[in-house]
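# Structural overview
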Amino acid sequence: MKVHEDNSSTVTEFLILGFPALNYYKLPFFSIILLMYSMTICENLLIILLVATSQHLHSPMYFFLGHLALSDIILVTSVIPKMLEIVIREGIMISYVECLTQSYVYGGTISAECFLLTAMSYDRYLAICRPLHYISMMSVKFRLLWAECY
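A few points on the structure. It should be emphasised that the depicted structure is a prediction, and the values quoted were computed from it without experimental measurement. (Residues numbered from 1 in each chain as written. Predicted model: local features only at pLDDT ≥ 70, side-chain atom pairs only at ≥ 80, totals over all residues. Heavy atoms only, no water.)

### Comments concerning the side chain of Ser 78
Among the secondary structure elements, Ser 78 is positioned in helix H2 (residues 60–89). In terms of polar contacts, Ser 78 uses its side chain to reach the backbone carbonyl oxygen of Leu 75, at 2.7 Å. If near-sequence neighbours (up to four positions away) are discounted, Ser 78 is found in contact with Gln 102, Val 105 and Tyr 106. (Helix = DSSP H or I, 4+ residues; strand = E, 2+ residues; numbered from the N terminus. Polar contact = N/O pair within 3.5 Å; in protein donor to acceptor, adjacent residues only side chain to side chain. Contact = heavy atoms within 4.5 Å.)

### Notes on unusual backbone geometry
Positive phi values are uncommon outside glycine, yet Glu 90 reaches one of about 60°. Examined against the element boundaries, Glu 90 turns out to sit in the loop between H2 and strand E2 (92–95).

### Things to note about the pattern of salt bridges
Under the counting rule described, the total for this entry stands at 5 salt bridges. One salt bridge connects Glu 85 with Lys 82, and the closest N-O pair in it is separated by 3.3 Å. Of this pair, Glu 85 and Lys 82 are both found in helix H2, 3 residues apart, which corresponds to roughly one turn of the helix. Since its relative accessible area comes to 24%, Glu 85 is described here as partly exposed. Given the relative accessible area of 16%, Lys 82 is considered buried. The residue Arg 89 makes a salt bridge to Glu 85 at a minimum N-O spacing of 3.3 Å. Residue Arg 89 and its partner Glu 85 are both found in helix H2; the two are separated by 4 residues, about one turn of the helix. Bridged by salt links that share partners, the residues Lys 82, Glu 85, Arg 89 and Glu 98 form one connected network. (Salt bridge = Lys/Arg side-chain N within 4 Å of Asp/Glu carboxyl O. Buried < 20%, exposed > 50% of the residue type's maximum accessible area, 1.4 Å probe, protein only.)

Spatial relationships are all this shows, so hold off on functional conclusions.
If you want it as structure tokens, here you go:
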């Protein structure tokens, strides 16, 4: 079977139309999304800053909470800026590589959040069900070992 090269096509870009029916509500919608994005970034940075600076918050639960906040920052930053660009320009072209990269970052971040939530639930399980073993099992060495895997 012979393949004709002039009859083939490759996809290099995608056209994302976004929200074509926004019309007069484009700017308020953009402003609300931008405000929510900014608040999410600020709140998560505040959590990271508090966990890092306060000596009272150097327990395993807050260690995981700080990493969860960082993961949340990466998650919203991988999606929202492109969405804002789509809203303001009423559609954009996105390259195949950029789309694939965004999908991998989003999926990887979601997976990391699932692992973090699993570790946090295990931490709470140990604290509640095995309080006498908790300090030895959730030591700083264990947390640092877990952070290296993450």
